[in-house]
Amino acid sequence: MNTQTIFGHEIFLSRCPDESIYKNKTLSDSIEMAYDIPEVKNKIDRNQIGHALTTVGIDLHLANLPGMERLMQWIGTQLQLVADAKGVTKPRFLMPRSWTNRMFKDCEGRCHTHPMQADGVAIFYYQVPKNSAELVLIDGGVNGSEHHSYPGEKKHFIVPSEGQLIIHPPGVPHAVIIILESIALESPKSLTFMIDSSS
């Protein structure tokens, strides 16, 4: 677990050491099934510019999907490390919301934050081909804006990689830079969880 302080926010980064935890056919089939839901295929997300698929707002909790069991267990161990680092004793983790995103060529994500009622947001990258979009944290970013409207010193870029877990506070403004290459069959896919914790 690597901890970075970026624009005054603690960001936790970790990597799953066992690819079999997230690279398995059952999990892959479950995620593809989610993207095939008509409500997902026809959804327009105001936070995205360009073509993307997302299960945001869909009644589907990723933790319940076939193939997710071992990944959820590993994410739980990482959340415990974060709790230890913050001095939280006997934490109990709840994930009231979760979703998965898939982005395509010329797509980018607008600057946004997440509800402050949550204690954190965990993003797991389970498929990241070459030249995938970077996550960008924006100092003082405004919801709905585009990252390129901010000067370089106001932005911090994180290059995602397969098996990476990023945990950040919900109020951190962030965006996703534009994807410049066509990778239709291997577009970047991430799993995102809202985290509530109590001791």
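Predicted, not measured: the structure shown is a model, and the values here were computed from it.

Here is what the cut-offs are and how they apply
- Residues numbered from 1 in each chain as written.
- Predicted model: local features only at pLDDT ≥ 70, side-chain atom pairs only at ≥ 80, totals over all residues.
- Heavy atoms only, no water.
- Helix = DSSP H or I, 4+ residues; strand = E, 2+ residues; numbered from the N terminus.
- Rg over C-alpha atoms; globule rule 2.2 N^0.38 Å.
- Buried < 20%, exposed > 50% of the residue type's maximum accessible area, 1.4 Å probe, protein only.
- Contact = heavy atoms within 4.5 Å.
- Salt bridge = Lys/Arg side-chain N within 4 Å of Asp/Glu carboxyl O.
- Pairing = 2+ DSSP bridges.
- Expected span 1.5 Å × (residues − 1).
- pLDDT = per-residue confidence, 0-100.

Peer 1: Help me out: how do you make sense of the overall build of the protein chain in this one?
Peer 2: Summing up its helical and strand segments, the protein chain has 3 helices and 12 strands in all. Computed over the C-alpha atoms, the radius of gyration of the protein chain is 16 Å, within 12% of the 16 Å expected from 2.2 N^0.38 for a compact globule of 199 residues. Counting across all 199 residues of the protein chain, residues that qualify as buried make up 49%. In the protein chain, the proportion of contacts linking residues at least 24 apart, taken out of those at least 6 apart, comes to 83%.

Peer 1: Explanation requested: the environment of Leu 62 in the structure shown.
Peer 2: Examined against the element boundaries, Leu 62 turns out to sit in the loop between β4 (52-54) and α3 (69-86). A sequence separation of 20 residues divides Leu 62 from Asn 42, and the C-alpha atoms of the two residues are 19 Å apart. Ignoring anything within four residues of it in the chain, the contact list for Leu 62 reads Met 68, Ser 98, Trp 99, Thr 100, Leu 191, Thr 192 and Phe 193.

Peer 1: I keep staring at the pattern of salt bridges and nothing clicks. Help me out?
Peer 2: A side chain with one charge may pair with a side chain of the opposite charge, provided their charged atoms come close. Scanning the model with the defined rule gives 8 salt bridges in all. With its nearest N and O atoms 3.0 Å apart, the salt bridge here joins Glu 162 to Lys 23. Taken as a pair, Glu 162 in the loop between β9 (155-158) and β10 (164-168) and Lys 23 in the loop between β2 (9-15) and α1 (25-35) lie far apart in primary sequence, 139 residues in all. A salt bridge links Arg 102 to Glu 32; the nearest nitrogen and oxygen atoms lie 3.3 Å apart. Within this pair, whereas Arg 102 is found in strand β5 (residues 92-103), its partner Glu 32 is found in helix α1, the two being separated by 70 residues in sequence. When its relative accessible area of 9% is taken as the criterion, Arg 102 is described as buried. Here Glu 32 falls in the partly exposed class, since its relative accessible area comes to 26%.

Peer 1: Before we go on, may I ask you to explain unusual backbone geometry in this structure?
Peer 2: Notably, Phe 7 is not glycine yet its phi reads approximately 50°, a positive angle. Of note, Phe 7 is situated in the loop between β1 (2-6) and β2. On the basis of relative accessible area, Phe 7 is assigned to the partly exposed category, the value being 30%.

Peer 1: Can you help me understand the sheet that holds strand β11 (residues 174-176) in this one?
Peer 2: Strand pairing within a sheet occurs via backbone hydrogen bonds; the two strands may be parallel or antiparallel. If you trace the 5 strands from one edge of the open sheet to the other, you get β3-β6-β11-β8-β9, paired in antiparallel fashion. Of all the strands in the sheet, just β3 (48-49) and β9 have a single pairing partner and so form its edges.

Peer 1: What's the story with α3 in this structure? I'm lost.
Peer 2: Turn by turn, an α-helix covers 3.6 residues, leaving residues three or four places apart pointing in a common direction. Over its 18 residues, α3 runs 26 Å from end to end, which matches the ideal 26 Å to within 8%, given 1.5 Å per residue. Among the residues making up α3, those that are buried are Leu 71, Met 72, Trp 74, Ile 75, Gln 78, Leu 79, Val 82 and Ala 83. Of the residues flanking the end of α3, it is Gly 87, one or two places downstream, whose phi is positive at about 75°.

Peer 1: Looking at this model, I keep getting lost on the pairing of strand β6 (residues 108-112). Mind explaining?
Peer 2: Regular strands place their side chains on alternate faces of the sheet. Of all 5 residues in β6, 4 are buried, a share of seventy percent or more. Pairing of β3 with β6, which is carried by 2 bridges, proceeds in the antiparallel orientation. Counterpart to Ile 49 in the pairing with β6 is Glu 108. In this structure, β6 lies alongside β11, joined through 2 bridges in antiparallel fashion. Considered in β11, the bridge of Gly 109 is made with Val 176.

Peer 1: Any chance you could explain the pairing of β1 here in plain terms?
Peer 2: Of the strand pairs in this sheet, β1 and β2 are connected by 5 bridges, and their pairing is antiparallel. Among the inter-strand pairings, Thr 5 is bridged to a residue of β2, identified as Glu 10. Taken together, β1 and the strand that follows it, β2, pair antiparallel across an intervening segment of 2 residues, in which Phe 7 is found at a positive phi of about 50°.

Peer 1: Mind showing me how you'd approach the confidence of the model for the protein chain here?
Peer 2: Do not read the fine detail of predicted coordinates wherever pLDDT is low. Residue-level pLDDT values for the protein chain average 88, and 93% of them are 70 or greater. Segment residues 182-186: pLDDT under 50, and 12 contacts once partners within four positions in sequence are set aside and those in other chains are kept.

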